[in-house]
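# Chain and residue survey
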Amino acid sequence: MTDPNRFSALAAPGVRALRPYEPGKPESELGRELGISDIAKLASNENPLGPSPKAQAALAEALGTLHRYPDGGAFELKARLAAHHGVAPERITLGNGSNEVIELVIRTFVTPADSVVFAEHAFIVYKLAAQAHGVRGVEVKARDYGHDLAAMRAAVDATTRVVFIANPNNPTG
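Residues numbered from 1 in each chain as written. Predicted model: local features only at pLDDT ≥ 70, side-chain atom pairs only at ≥ 80, totals over all residues. Heavy atoms only, no water.

### Regarding the packing of helix α5 (residues 98-109) against helix α6 (residues 124-132)
- Direction vectors running N to C along α5 and α6 enclose 40°, while the axes themselves pass 10 Å from each other. By the angle class used here, α5 and α6 are oblique. Taken as a pair, α5 and α6 cross one another with a handedness that is right-handed. In this structure, α5 contributes N99, I102, E103 and I106 to the contact, and α6 contributes V125, Y126, A129 and A130.
- The residue makeup of the contact of α5 with α6, split by class, is six nonpolar, one polar and one charged. (Axes fitted to C-alpha atoms, helices over the stretch in contact; angles between N-to-C directions. Helix = DSSP H or I, 4+ residues; strand = E, 2+ residues; numbered from the N terminus. Parallel < 35°, antiparallel > 145°, perpendicular 65-115°, else oblique. Left-handed = near helix turned anticlockwise from the far one by under 90°. Contact = heavy atoms within 4.5 Å. Nonpolar A, V, L, I, M, F, W, Y, C, P; charged D, E, K, R; others polar.)

Spelled out as structure tokens, the structure:
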């Protein structure tokens, strides 16, 4: 089992002053600001078809407990994920979408003296999160719109703290 304190020792300075990821504005707020009502929000990976019937059923089941705070550590979810994937629960990190987890990884393990490596045409948040935190992002040229893993390995140097490899890649699939 891995010592969780070992990972804490790798945290970048200032990690205690972190702010949560802020998603795009809701349609209602945007409508009020711009004085419009016909809005088709296409950002934030939102589903224009609405929530799935399974999500609606889960919400209906949870209505009776909405007056309670959820388990911030997500014990049950982590336990089920850990059992399914054959890993220890403490090796699982959850977030409010992939953006938050990517930001958390960079904020926690990378300093401005370090770099991160990612592929051209990869998820734009790798580049944006690195830039936002003053971290050098090393974008490796794509091969046939996919990751060139040999070139990515060659781009790793003594300053590299994280290599982002998306599978499946967004937006190229």
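### As for the pattern of salt bridges
- Counted under the stated rule, the structure contains seven salt bridges.
- Of the charged contacts, one joins K25 and E33 as a salt bridge, the two residues approaching to 2.6 Å between their closest N and O atoms.
- Residue D148 pairs with R143 through a salt bridge whose shortest N-O separation is 3.7 Å.
- Since its relative accessible area comes to 16%, D148 is described here as buried.
- Using a relative accessible area of 49% as the deciding quantity, one classes R143 as partly exposed. (Salt bridge = Lys/Arg side-chain N within 4 Å of Asp/Glu carboxyl O. Buried < 20%, exposed > 50% of the residue type's maximum accessible area, 1.4 Å probe, protein only.)

### Describing α5
- In a regular helix each residue adds 1.5 Å, so 12 residues correspond to 16 Å; α5 covers 16 Å between its end C-alpha atoms and thus fits that length.
- Looking at the buried positions of α5, the neighbouring elements they touch are β1 (115-119) and α6. (Expected span 1.5 Å × (residues − 1).)

### Thoughts on the pairing of β1
- Where burial is concerned, most of β1 is hidden: five out of the five residues are buried.
- Burial along β1 is two-sided: S115, V117 and A119 and V116 and F118, pointing in opposite directions, are all buried.
- As paired strands, β1 and strand β2 (residues 136-140) are joined by five bridges and run parallel to one another. Each residue of the ladder has a partner; that of A119, found in β2, is V140.
- In terms of handedness, the path from β1 via α6 over to β2 forms a crossover that is right-handed. (Pairing = 2+ DSSP bridges. Right-handed = clockwise from strand over helix to strand, strands pointing away.)

### Regarding the environment of K25
- Position of K25 relative to the elements: it lies in the loop between α1 (4-8) and α2 (27-34).
- The partly exposed category is assigned to K25, whose relative accessible area is 41%.
- Spatially, the C-alpha atoms of K25 and K41 are 9.4 Å apart, while their sequence positions differ by 16 residues.
- Within the local environment of K25, its side chain forms a polar contact with the side chain of E33, the two groups lying 2.6 Å apart. (Polar contact = N/O pair within 3.5 Å; in protein donor to acceptor, adjacent residues only side chain to side chain.)

### Let's talk about the confidence of the model for the protein
- Per-residue pLDDT for the protein averages 85, and the proportion of residues at 70 or more is 83%.
- Element-level pLDDT for the protein is lowest in α1, with a mean of 62, against a maximum mean of 98 in strand β3 (residues 160-163).
- Throughout residues 13-19 the model reports pLDDT below 50, and contacts reaching past four residues in sequence, or to other chains, amount to five contacts. (pLDDT = per-residue confidence, 0-100.)

### Focus: the nonpolar core
- Core analysis: the biggest nonpolar cluster contains 20 residues, and I102, I106, V110, V116, Y126, V135 and F164 have the highest contact counts within it.
- For this core, the elements supplying multiple residues, two or more each, are α5, β1, α6 and β2.
- Beyond its immediate stretch of four places on either side in the chain, V135 contacts I106, V110, T111, P112, D114, S115, V116 and A130. (Core = buried A, V, L, I, M, F, W, Y, C linked by side-chain atoms within 4.5 Å.)

### As for the sheet that holds β1
- The strand order β2-β1-β3 describes an open sheet built from three strands, whose pairing is parallel. Where the open sheet ends on each side, the last strands, each with one partner, are β2 and β3. Averaged over all pairs of adjacent strands, the angle between their axes in this sheet comes to 25°, without regard to strand direction.
- Here three bridges tie β1 to β3, and the two strands are oriented parallel to one another. Among the inter-strand pairings, S115 is bridged to a residue of β3, identified as T160.

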